[in-house]
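# Summary of the model geometry
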Amino acid sequence: LLQPFLERVTAPAICVLADESPFGDLIVYREMLGMIPGIAVHRIPGRHHFHLEGAAAEIAEHLNRFLAAA
């Protein structure tokens, strides 16, 4: 259902996933990310709420590099 929409994304896209997230390894998530052309996917240490568990600086680094390249 989402495939036609996701395949038409033309804007640069980024996804930052936590290594230990209960969602990151779900087949449906991997399939959806694979449908977005050119998406930059980064995995960093942490659980589902990794942005609140000390990973904010690393997340910000990925976002800053992504935005600087856009």
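Refer to the structure printed above.
First, a word on scope: everything that follows refers to the structure included in this document. Predicted, not measured: the structure shown is a model, and the values here were computed from it. (Residues numbered from 1 in each chain as written. Predicted model: local features only at pLDDT ≥ 70, side-chain atom pairs only at ≥ 80, totals over all residues. Heavy atoms only, no water.)

## Describing the overall build of the protein chain
- Per the secondary structure count, the protein chain includes three helices and two strands.
- Reading the helices (α) and strands (β) of the protein chain from amino to carboxyl end gives α-β-α-β-α.
- Dimensions of the protein chain along its principal axes, counting C-alpha atoms only, are 35 × 30 × 15 Å.
- Among the 70 residues that make up the protein chain, the fraction classed as buried is 24%.
- Looking at the protein chain alone, contacts between residues at least 24 apart form 71% of all its contacts between residues at least 6 apart.
- Accessible surface for the protein chain amounts to roughly 5,000 Å². Of this, 62% is attributable to carbon and sulfur atoms.
- Side chains of the protein chain give 5 positive and 8 negative charges; the mean places of these two sets differ by 5 Å. (Helix = DSSP H or I, 4+ residues; strand = E, 2+ residues; numbered from the N terminus. Buried < 20%, exposed > 50% of the residue type's maximum accessible area, 1.4 Å probe, protein only. Contact = heavy atoms within 4.5 Å. Areas by Shrake-Rupley, 256 points an atom, 1.4 Å probe, with all protein chains shown as cover. Lys, Arg positive; Asp, Glu negative; His and termini not counted. Charge placed at Lys NZ, Arg CZ, Asp CG, Glu CD.)

## What to know about the nonpolar core
- Judged by nonpolar contacts, Leu 6, Ala 13, Cys 15, Leu 17, Leu 33, Ile 36 and Ile 39 together constitute the single largest core of seven residues.
- Apart from the residues within four sequence positions on either side, Ile 39 is in contact with Ala 13, Ile 14, Cys 15 and Leu 33.
- Of all hydrophobic cores here, the second largest spans six residues; its members include Ala 18, Ile 44, Phe 50 and Ala 55. (Core = buried A, V, L, I, M, F, W, Y, C linked by side-chain atoms within 4.5 Å.)

## Quick look at the environment of Ile 14
- Along the chain, Ile 14 falls in strand S1 (residues 14–18).
- On a C-alpha basis, the gap between Ile 14 and Ile 36 in space is 9.8 Å, while along the polypeptide they are 22 residues apart.
- Other than its neighbours up to four places away in sequence, Ile 14 contacts Ile 39, Ala 40, His 42, His 62, Leu 63 and Phe 66.

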